[in-house]
Amino acid sequence: MRLITRILLCASVLIVAAVLISCALILHAVDRQKRADAIKSAETDFSEIYYTISNVNTVLSDPILCDTYMTYKVKSASHLDQLTLSYDGTYLINNVGFTPEPFLSETSENGIYHYVITRVGGTLYLMIGTDVYYGDRIYIISMVRSLHELDAAMRTLILQCVVIGASVTVLFLFLAWFILSASLKPIRTLQSGAQSIASGDYGTRIDIHRKDEIGRLADEFNTMADAVENSISDLREQNERKQQFINDLSHEMKTPVTSLLLNSETLLTRTVSDADRERALSRIHEQAEWIERLSRKLMQLVVLSDQIELVLSPVVSLFDAVRETVVDSLDRAGVKLTVECNDETFLMDMNLMRSALVNLIENAIKASERGSTVELIARNNEILVRDHGKGIPKDEVARVTEPFYMVDRSRSKKLGGSGLGLALVKRIAEAHHAELVIESELNIGTSIFFRFSDAI
Ligand code: ATP
Ligand code: MG
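Residues numbered from 1 in each chain as written. Chains lettered and ligands numbered in written order. Predicted model: local features only at pLDDT ≥ 70, side-chain atom pairs only at ≥ 80, totals over all residues. Heavy atoms only, no water.

J.: Describe the site of ligand 1, and please don't skip the residues or the numbers.
T.: Not every one of the 21 residues close to ligand 1 is listed here, only the nearest: Asn363, Lys366, Asp387, Ser418 and Leu422. Taking Val407, its main chain carries an N or O atom lying 3.1 Å from an oxygen atom of ligand 1. For ligand 1, the protein covers 94% of the area, taking 590 Å² as the surface of the free molecule. When residues of the shell around ligand 1 are traced back to their parent elements, those giving at least two are helix H8 (350-367) and helix H10 (421-431). Ranked by residues supplied to the shell around ligand 1, first place goes to H8 with four residues. (Near = heavy atom within 4 Å. Polar contact = N/O pair within 3.5 Å; in protein donor to acceptor, adjacent residues only side chain to side chain. Areas by Shrake-Rupley, 256 points an atom, 1.4 Å probe, with all protein chains shown as cover. Helix = DSSP H or I, 4+ residues; strand = E, 2+ residues; numbered from the N terminus.)

Structure representation (structure tokens):
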């Protein structure tokens, strides 16, 4: 059932109940008031009659004469179509068409009068009566008034109430439908917005500017849609990156694996000279080494999580460990390493930071001429590796941290590179909540910084 139908149904039940109760209370009050007026008027008239009848000077002893006298008194007191006179159950006067005594016997008492309002043969009557003493005889005198007009007026009033109540209810429902339709319009807008998002249109936003609950709901909806859109685009980006990574990896693996297969097949299927055999074996060894380095870096990259344990460690120990690792590479390339640090300490994982700095220094060595110098520096909140080598072209600086990206691919590969070093360094920086900044100028040199968020 639609919300508007449900609200209108509830509202109509409530309004009908309210109209019915109000009408019933009003009608009851009017009816009571009219009856009270009728009783009061009847009492006034009846008390005059009673006074006239009960005011006797002579008391007759003969019962027949008594009855005649009382009949005379009553007849002279009022219109007889409203009065009855009875003695001991025998009516001396009765023009009302029924006997009122049985009704009056179980009535309310108001002073000396008994009265009742009751229906006889479908007509509403007011009956009022009392005992009149004449000598030792007790007569009952009663006055009966038809309340037909009052009854008819009440029926008309009830009819009017029903008509007015029904009209008010219909008018109210029409107005309520009109107001509700206008008020629920933003909910329909929200509903269609949610449907658009559910069907994949994540750019959908709700254009409702109100300061009430609906306005706040629309704002919350838009905030939620922003979050969903961002998450979806992050997921897409991640997915694309993963796909790209897999494509690049399979592409990178193709050449060495083919080379391994070809060389091993040659050795297995052909008779080759000693020199050719040696060349094939050295190619196999080279490619196997390359694959081993690649898989080591891949493993590091894959298992590196953001939940590493960072320990406050002195940079001097880190630099000592790094120098020890790269000393052979430096000697082979004829490059000098200068180290500059004081007593700085950083929150870090020593092994990961050593791996990152070794990667950076190996890159610096590869880019430097013999006799050049590579600097390893720690100051304030940063650690940096600087070289005076060939530099990185400006438009490629942003891409060198992408997995498998190499500026001079054939040269890098010849030097045993796989293009994963800087991708790994970037992940290590992220795990340390540090920013990796690359500054480079062609033929001048490159500086790569780890900028930690806080210097300790
Ligand atoms: P790997 O590190 O996996 O053995 P790699 O050194 O080629 O291989 P990265 O360390 O990721 O890969 O570096 C990516 C590319 O960025 C390198 O191929 C190189 O072209 C360029 N590069 C990195 N560091 C420097 C540097 N200090 N000077 C000049 N070019 C650099
Ligand atoms: Mg490298």
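J.: Just give me the short version of the environment of Pro403, but keep the residues and values in it.
T.: One can find Pro403 in the loop between strand S11 (382-387) and helix H9 (409-414). Distance from Pro403 to Gly421, taken between C-alpha atoms, is 8.1 Å for residues 18 residues apart in sequence. If sequence neighbours within four positions are ignored, Pro403 has contacts with Phe245, Asp248, Gly419, Leu420 and Ala423. (Contact = heavy atoms within 4.5 Å.)

J.: Describe the sheet that holds S11, naming the residues involved and giving the relevant values.
T.: Read from one edge to the other, the open sheet built from five strands follows the order S8-S10-S11-S13-S12, with strand pairing classed as mixed. The strands lining the two open edges of the sheet, one partner per strand, are strand S8 (336-340) and strand S12 (434-441). Adjacent strand axes in the sheet meet at a mean angle of 10 degrees, parallel and antiparallel pairs treated alike. Where S11 and strand S13 (residues 445-452) come together, six bridges link them in antiparallel fashion. Bridging from a neighbouring strand, Arg386 pairs with Ser447 of S13. Most of the contacts of helix H7 (residues 315-333) go to S8, to which it runs at about 175 degrees, and overall it touches S8, strand S10 (373-379) and S11. Here H10 sits on the sheet and contacts S12 and S13; the angle it forms with S12, its principal contact strand, is near 140 degrees. (Pairing = 2+ DSSP bridges. Axes fitted to C-alpha atoms, helices over the stretch in contact; angles between N-to-C directions.)

J.: Explain the environment of Leu27 to me, using residue names and the numbers behind them.
T.: Here Leu27 is to be found in helix H1 (residues 3-54). Sequence-wise, Leu27 and Gly371 are 344 residues apart; in three dimensions their C-alpha atoms are separated by 114 Å.

J.: Kindly report on the nonpolar core, identifying the contributing residues and their values.
T.: Membership of the largest hydrophobic core comes to 50 residues, with the highest contact counts inside it found for Leu318, Leu357, Ile383 and Phe450. With nine residues, H8 is the single largest residue contributor to this core. Apart from the residues lying within four places of it in its own chain, the contact partners of Leu318 are Met348, Met350, Met353, Arg354, Leu357 and Ile383. Residues Met70, Leu85, Ile117 and Val132 belong to the second largest nonpolar core, which totals 31 residues. (Core = buried A, V, L, I, M, F, W, Y, C linked by side-chain atoms within 4.5 Å. Buried < 20%, exposed > 50% of the residue type's maximum accessible area, 1.4 Å probe, protein only.)

J.: Describe in detail the state of the cysteines, supporting the description with residues and values.
T.: Taken as a whole, this structure holds zero disulfides when the rule is applied. A disulfide-free cysteine, Cys161 has its sulfur positioned 4.0 Å from the sulfur of Cys23, the nearest such atom. By relative accessible area, Cys161 is classed as buried at 18%. (Disulfide = S-S within 2.5 Å.)

J.: Residues and numbers for the side chain of Thr71, please.
T.: Mapping Thr71 onto the fold places it in helix H2 (residues 63-77). Those residues in contact with Thr71 that sit more than four places away from it in its chain are Leu85, Leu92 and Ile93.

J.: Hey, could you go over H2 for me, with residue numbers and the actual values?
T.: For H2, built from 15 residues, the straight-helix expectation of 21 Å at 1.5 Å per residue is met to within 8% by its first-to-last C-alpha distance of 21 Å. Along H2, the residues that are buried comprise Cys66, Asp67, Tyr69, Met70, Thr71, Lys73 and Val74. At its buried positions, H2 is contacted by H1, strand S1 (83-87), strand S2 (90-94), strand S5 (123-134) and strand S6 (137-146). (Expected span 1.5 Å × (residues − 1).)

J.: Outline unusual backbone geometry, listing residues and values.
T.: Its identity is not glycine, yet Asp88 carries a phi of approximately 50 degrees, on the positive side. Looking at where Asp88 falls in the secondary structure, it is placed in the loop between S1 and S2. By relative accessible area, Asp88 is classed as exposed at 69%. Phi is positive for Asn380, close to 45 degrees, though the residue is something other than glycine. Here Asn380 lies in the loop between S10 and S11. According to the relative accessible area criterion, Asn380 is exposed, its value standing at 62%.

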